[in-house]
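Architecture at a glance
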Amino acid sequence: MSSAFFLRVADIANLLPCLTDRFEFLDARPIGRPSGFGAVWRARDRLLDQTVAIKISDSDLRSEVQYCRMIDGHTVRVYDYFEQNDWYAYAMELLAEPWTTIDTLIARHDGHDMLQRYLDGFEILDAMLAALAQIHGAPYSRERRHVHADIQPRNLFVWWQPETSPREVFRLRDGRKLVKVIDLGLTVDRGERHEGLHPLYARPGRDVAHHGHDLYSAAIVFLELITGARPCHHTMGHGARITDHVTAHSSGSLAIDYMAAEIANRAARAGANAALTAGRLREELACSVFDLPPLHLLVLRELARYQPGPLKKSEMAEFLFPLYAEYHGWKNASGNRTASIQEDVLDMTEAGLLVRDGHRYHY
């Protein structure tokens, strides 16, 4: 833990008077959890009349500030940097509600509406991969080849303001950067030794920055987010064990479970495949999940929520009619409308979203 975490405001005034001359510290103690690389306070910038966050450390923070400015939009905005009496600090944007950390979302997990939780998790994973792609730099460049050494739930902020429309399956996309990565002081060049790793998320036996290191950690975070249970490293060591972990905390849909386990397994194995980058994983996620017809995902969500059990095609059409009526604005049933739902059932079966067993369809 950094010694900065034990500072009082009076200590800061003695060590970094350049800060207290300009900023009014709003709390007696730091916000957030203890860190090995500094502590963060909430403060008001008297000069600009703005509430900010200030990170203070007894370690040089210049490289962290440089990373923050390099990764545009995927981390906090840095305003000013300060050095005094061998102490270091920088002022940055304060990530307040609706920004929340992934560990907070995991703590809110209540086990209800699991399939929607999986769909939200896919969106958050996509945004995590977008941020990591920025950190990693151009795949074939000798410059900006960096790895975040400490991807874990408390270092990932999510803009958590889901849409409430029953027609929306992807509720989080609104054009903004959805995830921001913090603690970039733990970003290192490839080939450098890691420090301050979290043992529950960092790949065991890897103390040097390596391709796929943070993608492995992202896979653990993703699985913990969607299932509510963090997988251990033994589980992450084999695709079949990852599948078992997902199945034990199922979304309610065989197809969605398979997609989640597959993308997590791919991310966990990225260290063994230099071509499997964060950008490539985003492409695979788009093909497997985001390019699916939204109505088909709504069908899976409806089935997972109400669990009607295996149904014949005619029974499936009857069960799904209220959903289709709301989606299309139908007021009355008709033979053609029932037939179109049955055709969709066949299409979803062909696409692997439903499974046919004799005359009945599983989900």
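Now for a look at the structure at hand.

Reading guide: rules and limits
- Residues numbered from 1 in each chain as written.
- Predicted model: local features only at pLDDT ≥ 70, side-chain atom pairs only at ≥ 80, totals over all residues.
- Heavy atoms only, no water.
- Phe/Tyr/Trp six-rings, centres within 6.5 Å; stacked < 30°, edge-to-face > 60°.
- Helix = DSSP H or I, 4+ residues; strand = E, 2+ residues; numbered from the N terminus.
- Buried < 20%, exposed > 50% of the residue type's maximum accessible area, 1.4 Å probe, protein only.
- Lys NZ or Arg CZ within 6 Å of the ring centre and 35° of its normal.
- Pairing = 2+ DSSP bridges.
- Axes fitted to C-alpha atoms, helices over the stretch in contact; angles between N-to-C directions.
- Contact = heavy atoms within 4.5 Å.
- Salt bridge = Lys/Arg side-chain N within 4 Å of Asp/Glu carboxyl O.
- Parallel < 35°, antiparallel > 145°, perpendicular 65-115°, else oblique.
- Core = buried A, V, L, I, M, F, W, Y, C linked by side-chain atoms within 4.5 Å.
- Expected span 1.5 Å × (residues − 1).
- Arc of directions from axis to C-beta.

Some remarks on the packing of aromatic side chains
The tally for this structure, following the rule as stated, stands at eight aromatic pairs. Judged by centre distance (5.9 Å) and plane angle (90°), the ring pair of Phe23 and Phe82 falls under edge-to-face. Of the two residues, Phe23 is situated in strand S1 (residues 23-25) and Phe82 in strand S4 (residues 78-84); the sequence distance between them amounts to 59 residues. The exposure class of Phe82 is buried, given its relative accessible area of 12%. Connected via pairs of aromatic rings, a cluster forms that spans Phe321, Tyr324 and Trp330. Seen from the ring of Phe5, Arg29 lies directly overhead, with NZ or CZ sitting 6.0 Å from the centre.

Some thoughts on the sheet that holds strand S8 (residues 156-159)
The three strands are arranged S6-S8-S9 in an open sheet whose pairing can be described as antiparallel. The two strands at the open ends of the sheet, each matched to only one other strand, are strand S6 (99-101) and strand S9 (179-181). Strand-to-strand, the axes of this sheet are offset by a mean angle of 30°, without reference to chain direction. Together, S8 and S9 form the strand contacts of helix H5 (residues 114-136), whose direction differs from that of S9 by roughly 40°.

Brief notes about the pattern of salt bridges
Close approach of charged atoms allows side chains with opposite charge to pair. Applying the stated rule across the entire model yields 19 salt bridges. We note a salt bridge from Arg8 to Asp11, for which the minimum N-O separation is 3.5 Å. Judged by relative accessible area, which is 21%, Asp11 ranks as partly exposed. One salt bridge connects Arg22 with Asp45, and the closest N-O pair in it is separated by 2.8 Å. You can see Arg22 sitting in the loop between helix H2 (17-20) and S1 and its partner Asp45 sitting in strand S2 (residues 39-45), a full 23 residues away along the chain. One exposure class covers both Arg22 and Asp45, and it is buried. Look at the salt bridges and you will find they share partners, linking Arg22, Asp45 and Asp80 into a network.

Regarding the packing of helix H9 (residues 254-268) against helix H10 (residues 278-290)
At a minimum axis distance of 11 Å, the contact between H9 and H10 shows a crossing angle of 170°. In this view, H9 runs roughly antiparallel relative to H10, as classed from their interaxial angle. Contacts between H9 and H10 involve Met259, Ile263, Arg266 and Ala267 from the first element and Leu281, Glu284, Leu285, Ser288 and Val289 from the second.

Here's the deal with the nonpolar core
Membership of the largest hydrophobic core comes to 96 residues, with the highest contact counts inside it found for Ile102, Phe122, Ile124, Met128, Phe222 and Ile256. Considering every element that reaches this core, the biggest residue donor is H5, with 13 residues. Those residues in contact with Ile102 that lie beyond four places of it in its chain are Ile124, Met128, Pro153, Leu156, Val158, Val221 and Leu225. Listed in part, the 18 residues of the second largest apolar core include Ala4, Phe5, Ala43 and Ile54.

Brief notes about the pairing of strand S3 (residues 50-57)
Within S3, six of the eight residues are buried, which leaves it mostly tucked inside the rest of the structure. Two strands pair when backbone bridges link them, and S2 and S3 are joined in this way by seven bridges, in the antiparallel orientation. When the sheet's bridge partners are listed, Asp45 is paired in S3 with Gln50. The antiparallel pairing of S2 with S3 creates a hairpin that spans four residues between the two strands, and Asp49 there sits at a positive phi of about 50°. Note: S3 against strand S5 (residues 87-93), six bridges, orientation antiparallel. Bridging across to S5, Lys55 finds its partner in Tyr90.

What to know about unusual backbone geometry
Omega for the bond connecting Glu97 with Pro98 falls within 30 degrees of zero, at 10°, which places this linkage in the cis form. Locating Pro98 in the fold gives a position in the loop between S5 and S6. Positive phi, normally seen in glycine, also occurs at Asp49, with a value near 50°. Within the secondary structure, Asp49 is located in the loop between S2 and S3. In this structure, Gln307 takes a positive phi of about 45° despite not being glycine. For Gln307, the location among the structural elements is in the loop between helix H11 (294-306) and strand S11 (311-312).

A few points about the pairing of S5
Of all seven residues in S5, seven are buried, a share of seventy percent or more. Both S4 and S5 contribute to a ladder of six bridges, which runs antiparallel. Along S5, the bridge assignment pairs Val78 with Met92. Counting the residues that bridge the hairpin from S4 to S5 gives two residues, and of these Asn85 lies at a positive phi of roughly 55°.

Looking at helix H6 (residues 213-227)
In this model H6 runs 22 Å from its N-terminal to its C-terminal C-alpha over 15 residues, within 8% of the 21 Å that 1.5 Å per residue would give. For H6, the tally of buried residues reaches 15 of 15 residues, placing the bulk of the element in the interior. Gly228 occupies a position one or two residues after H6 and carries a positive phi of about 85°.

Examining H10
Of all the residues in H10, the buried ones are Ala278, Leu281, Leu285, Val289 and Phe290. On an axial view of H10, the arc spanned by its buried residues comes to 105°, and they lie on one face. Exposed and oriented more than 90 degrees from the buried face of H10 are Glu283 and Cys287.

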